[in-house]
Every structure is written in structure tokens, then in C-alpha cells.
Amino acid sequence: MAGERVRASDKEREQYASMLRAGMTEGRLTLEEGEERLAQVYAAKFRDELPPLTADLPEGGRRGLFELPETQAEFLRQGRRHLARHGAFVAVVAVALTGLWVLSGAHFFWPAIPLFFLVLSVFRHARWRRWAAAGGPPWARRNWGHGHGHGPWAAASDRHGWS
């Protein structure tokens with residue numbers, strides 16, 4: 001039983017074909033090499049035949065697959081769904097806490113404290129989602145003052161073109 005091979009599904013073959021197409025688009029594979037590997041992907045019967053076809057691509061071809069527009073669009077759709085679920089959860093908790101406050105007869109609106117942090121968590125979630133779509137937080141995307149002649153810490157001569 002341990003030596004039995006598992007057959008590859010059409011979906012798995014299509015994933016590997018997408019990785020190869022991304023490698024061809026990036027210029028990592030020539031057209032001839034890419035077409036040859038694509039033919040091998042579609043001819044593969046077992047799962048263990050697929051990984052060697054993308055092994056020489058960065059991260060086994062998975063990075064190129066993530067950089068495809070379809071994959072990034074799906075990533076953004078999932079992020080929107082998660083944010084919507086988070087917002088809905090906070091709304092339900094807000095209604096429940098407000099109902100408890102009404103039933104308690106307290107004069108001070110004590111749900112304001114937990115609701116403040118819950119709403120803050122939704123804003124933070126939205127910010128992280130925006131950063132993920134943009135390629136990371138702003139301080140990770142900037143290249144300030146590392147000898148490249150821009151940013152607030154660059155030498156004045158670099159910023160203004162002085163010699």
C-alpha cells in the first residue's frame with residue numbers, strides 16, 4: 001500500500017500549467033521549453049510527476065502563480081469577504097451589548113468601552129487588508145535613505161542633483 005502512486009486530478013494539472021505559463025510570462029522559460037513542459041503536465045497521470053516540472057522555478061513555481069492577476073483578484077475577494085464577516089460580527093455583538101445595557105438599566109453606557117475596541121479592530125483589519133493588496137505596509141515599501149538618493153534622509157546633494 002505504501003508504494004502506491006496517487007493519480008493527479010485535472011485541477012492539479014491545471015495549477016501546474018498555470019505555474020509554467022507564469023514562468024514563461026516572466027521570461028524564466030523559453031517558449032519551446034514551456035510548451036514541452038506543458039505537454040508533460042497534461043500527459044502526467046500521477047502527482048509525483050508534476051513537481052519536477054516546476055522545481056527550477058522560484059518557490060517551485062508558486063510565486064509566479066501568486067503573481068497572476070486571477071490569483072491576486074481572488075486574494076482581494078477573499079479579503080473583502082473576511083472584512084465583511086468581521087464587520088457583521090461586530091454589528092451583532094454591538095446589538096447584543098446594547099440590548100444587555102438596556103436590560104440592565106445602567107445610566108452609564110458601558111458597552112461603549114468594548115465597542116470602541118471592536119470597531120477599532122474592524123478599522124485595523126481594513127488597514128491590513130489594504131496593505132496586503134498594496135504589497136505591505138508603507139514603511140516596508142519605501143526605500144528611504146539607503147544610498148538611493150530619495151527620501152527624507154537622503155543627502156541634500158542627492159535630492160537636488162548637486163555635485
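For every chain, the first residue of the written sequence is number 1, and numbering continues from 1 along that sequence. Local features in a predicted model are, by the rule used here, given only for residues with pLDDT of at least 70; side-chain atom pairs are given and counted only at 80 or more, and totals for whole chains, interfaces and linings are based on all residues. To obtain the side-chain values, all non-hydrogen atoms of the structure were used and water was disregarded.

Colleague: Just checking my understanding: could you explain the overall build of the protein chain for this structure?
Modeller: Note on conventions: DSSP H or I runs of at least 4 residues are helices, E runs of at least 2 residues are strands, and numbering of each starts at the N terminus. From N to C terminus, the protein chain includes eight helices and zero strands. N-terminal to C-terminal, the α/β element order of the protein chain is α-α-α-α-α-α-α-α. Think of it in three bands: with a 1.4 Å probe and only protein chains considered, a residue is buried below 20% of the maximum accessible area for its type, exposed above 50%, and partly exposed in between. Residues classed as buried in the protein chain amount to 23% of the 163 residues present. The contact rule is simple, with two residues in contact once any of their heavy atoms fall within 4.5 Å. Summarising the internal contacts of the protein chain: among those between residues at least 6 apart in sequence, 52% fall at separations of at least 24. As displayed, the protein chain offers around 11,600 Å² of accessible surface, 61% of which is attributable to carbon and sulfur atoms. All accessible-area figures derive from a Shrake-Rupley calculation using a 1.4 Å probe, and residue coverage is judged against the displayed protein chains alone.

Colleague: Explain a nonpolar patch on the surface to me, please; I cannot follow it from the model alone.
Modeller: Where nonpolar side chains cluster on the molecular surface, the patch consists of Leu 100, Leu 103, Phe 108, Trp 110, Ile 113, Phe 116, Phe 117 and Leu 120 and spans about 890 Å² of accessible area. When residues in the nonpolar patch are grouped by element, the largest group, four residues, is from helix α6 (residues 112-134). Take Leu 103: it is sitting in helix α5 (residues 69-104). Here a patch means residues that are over 30% exposed by relative accessible area and free of salt bridges, tied together within 9 Å if like-charged and within 5 Å if nonpolar (Val, Leu, Ile, Met, Phe, Trp, Tyr). Basic side-chain nitrogens of Lys or Arg form a salt bridge, by our definition, when they fall within 4 Å of a carboxyl oxygen of Asp or Glu.

Colleague: Can you help me understand the environment of Phe 75 in this one?
Modeller: Considering the arrangement of structural elements, one finds Phe 75 in helix α5. The exposure class of Phe 75 is partly exposed, given its relative accessible area of 35%. Ignoring sequence-local partners within four residues, the contact set of Phe 75 consists of Phe 66 and Ala 132.

Colleague: Would you explain the nonpolar core in this entry?
Modeller: Here is a general trend for soluble globular proteins: nonpolar side chains tend to be buried in one another's company. We define a nonpolar core as any set of buried Ala, Val, Leu, Ile, Met, Phe, Trp, Tyr and Cys residues linked to one another through side-chain atoms lying within 4.5 Å. Among the nonpolar cores identified, the biggest contains 15 residues, and Tyr 16, Leu 20, Val 41 and Leu 50 are the most heavily contacted of them. Of all the secondary structure elements, the ones that give two or more residues to this core are α1 (10-26) and α2 (31-43). Those residues in contact with Tyr 16 that lie beyond four places of it in its chain are Val 41, Leu 50, Pro 51, Thr 54 and Arg 62.

Colleague: Would you take a moment to explain empty space enclosed by the protein for this structure?
Modeller: Empty space among the atoms can be located by rolling a probe the size of a water molecule over them. Note on definitions: the grid is 1 Å and covers protein atoms alone; a cavity is a set of points where a 1.4 Å probe fits but cannot get out; a pocket is an open set with protein on both sides within 12 Å along at least five of seven lines; lining residues have an atom within 4 Å of a point. Grid points are joined across faces, edges and corners, and a volume is the space filled by probe spheres set on the points. In total, this model carries one cavity of 30 Å³ or more according to the counting rule given. Computed from the structure, the largest cavity encloses a volume of approximately 50 Å³. Lining the largest cavity are Met 19, Gly 23, Glu 26, Arg 28, Leu 57, Pro 58, Gly 61, Arg 63 and Gly 64. Listing elements by their share of the lining of the largest cavity, those giving two or more residues are α1 and α4 (62-66). If one sorts the elements of the lining of the largest cavity by residue count, α1 sits on top with three residues. Of the residues assigned to the lining of the largest cavity, the class counts are three nonpolar, three polar and three charged. The residue classification treats Ala, Val, Leu, Ile, Met, Phe, Trp, Tyr, Cys and Pro as nonpolar and Asp, Glu, Lys and Arg as charged. All others, Gly included, are polar.

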